[in-house]
Amino acid sequence: NIVIPTRTFNDPDIAGYILRDNWSSVNPAPGVYNWSRLDAAINKIVANGKDFKLTIFTGTLAPDWLYQNGVQAMTFYENGGIRPTGTYKMPVPWDAKMLSYYDSLLTAMSAHFGSNSHLVGVNLGGPTQYSLEMHLPSEVTKQPGYSTAAIRGAWDHVLTTYAGLFPNTAGI
C-alpha cells in the first residue's frame, strides 16, 4: 500500500501528493491493469480535498511480458552510484511495439483516472531509462536504428498520444 501520513491532510501548505508505481506492477499482463494501490491512496487524498499527480515508472521497470511480445530489449551496465552495480534491461526507446503498449497504458490511465478533477498532472515515460526523465544510457547509441531523430520521434509520439488522452491535465 501507498502510505500517506494522515497528519499531512490538515496541513494547508500541502496542496497534493505525487503517487508512484511501476509499469510492471500496474500492467502485469497485456490489457490487464491493477490500479488498487493507487486507488486506495487517491480515495484518501480526494476525501481530504487534496490533489494528486501520477507517476508510472517505465524503462527498467517495464513489464517482462513486453519482451515476450516482441519488444526489443537493450541492456546497459551501471557501475554503482545511486543504483546497485550490475546489468540492467530496458526497452529500446523508439521500439514501435513498446510505444504502442505505452499508448495502451496511457489509454487505460485516462479511462480510469482522467475524469478525476483532483488529478493535476501525469509524469510521462515510455522511452526512459530509470525514472521519467529523458536520460538514456550511453549504450543506446549502439542499438540498431539509433539516431537523435529516433529518440525525438519516440518522445513526439508519447507527447501526441498524451495530449489526445489528457487534454486538460498537465503532462510533466
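First things first, this report covers the structure right here in the doc. Just so it is clear, the structure is predicted and the values come from calculations on it, not from any experiment.

One can find Asn27 in the loop between helix 1 (23–26) and helix 2 (36–47). Using a relative accessible area of 0% as the deciding quantity, one classes Asn27 as buried. Within the local environment of Asn27, its side chain forms a polar contact with the backbone oxygen of Val32, the two atoms lying 2.8 Å apart. When sequence neighbours within four positions are dropped, the list of residues in contact with Asn27 reads Val32, Tyr33, Pro63, Trp65 and Leu105.

Moving on, we get to the pattern of salt bridges. Per the counting criterion, the structure on display carries three salt bridges. Between Asp21 and Arg37 there is a salt bridge, with its nearest N and O atoms 3.1 Å apart. Here Arg37 lies in helix 2 and Asp21 lies in strand 1 (residues 16–22), a separation of 16 residues in the sequence. The salt bridge partner of Asp156 is Arg152, with a shortest N-O separation of 3.0 Å. Here Arg152 and Asp156 lie together in helix 5 (residues 148–165), a separation of four residues that amounts to about one turn. Its relative accessible area of 33% is what places Asp156 among the partly exposed residues. Judged by relative accessible area, Arg152 falls into the exposed class, the value being 56%.

With that out of the way, let us pick up the sheet that holds strand 1. Spatial strand order, 1-2-5-6: four strands in an open sheet with parallel pairing. On the outer flanks of this sheet lie strand 1 and strand 6 (170–171), each paired with one strand and no other. Here strand 5 (residues 119–123) runs beside strand 6; their pairing, made up of two bridges, is parallel. Bridging across to strand 6, Val122 finds its partner in Gly171. Against the sheet, helix 2 contacts strand 1 and strand 2 (51–57), and its axis sits at roughly 175 degrees relative to strand 1. The strands that helix 4 (residues 96–113) touches are strand 2 and strand 5; relative to strand 2, the one it contacts most, it runs at about 160 degrees.

Grouped together as the largest cluster of nonpolar side chains are 46 residues, with contacts concentrated most on Leu19, Leu38, Leu54 and Met109. Beyond its immediate sequence surroundings of up to four residues, Leu19 is in contact with Ile2, Ile4, Leu38, Ala41, Ile42, Ile45, Phe52, Lys53, Leu54 and Thr55.

For the pair helix 4 and helix 5, interaxial distance at closest approach is 10 Å and the crossing angle is 20 degrees. Between helix 4 and helix 5, the crossing angle belongs to the class labelled roughly parallel. In the crossing of helix 4 with helix 5, the sense of the turn from one axis to the other is right-handed. Contacts from Leu99, Tyr102, Asp103, Leu106, Thr107 and Ser110 in helix 4 reach Ala154, His157, Val158, Thr161, Tyr162 and Leu165 in helix 5.

Of the two faces of strand 1, the one holding Tyr17, Leu19 and Asp21 is buried and the one holding Gly16, Ile18, Arg20 and Asn22 is not buried anywhere. Alignment of strand 1 against strand 2, held across seven bridges, turns out to be parallel. Opposite Tyr17, over in strand 2, you have Phe52 as the bridge partner.

Analysis parameters
- Residues numbered from 1 in each chain as written.
- Predicted model: local features only at pLDDT ≥ 70, side-chain atom pairs only at ≥ 80, totals over all residues.
- Heavy atoms only, no water.
- Helix = DSSP H or I, 4+ residues; strand = E, 2+ residues; numbered from the N terminus.
- Buried < 20%, exposed > 50% of the residue type's maximum accessible area, 1.4 Å probe, protein only.
- Polar contact = N/O pair within 3.5 Å; in protein donor to acceptor, adjacent residues only side chain to side chain.
- Contact = heavy atoms within 4.5 Å.
- Salt bridge = Lys/Arg side-chain N within 4 Å of Asp/Glu carboxyl O.
- Pairing = 2+ DSSP bridges.
- Axes fitted to C-alpha atoms, helices over the stretch in contact; angles between N-to-C directions.
- Core = buried A, V, L, I, M, F, W, Y, C linked by side-chain atoms within 4.5 Å.
- Parallel < 35°, antiparallel > 145°, perpendicular 65-115°, else oblique.
- Left-handed = near helix turned anticlockwise from the far one by under 90°.

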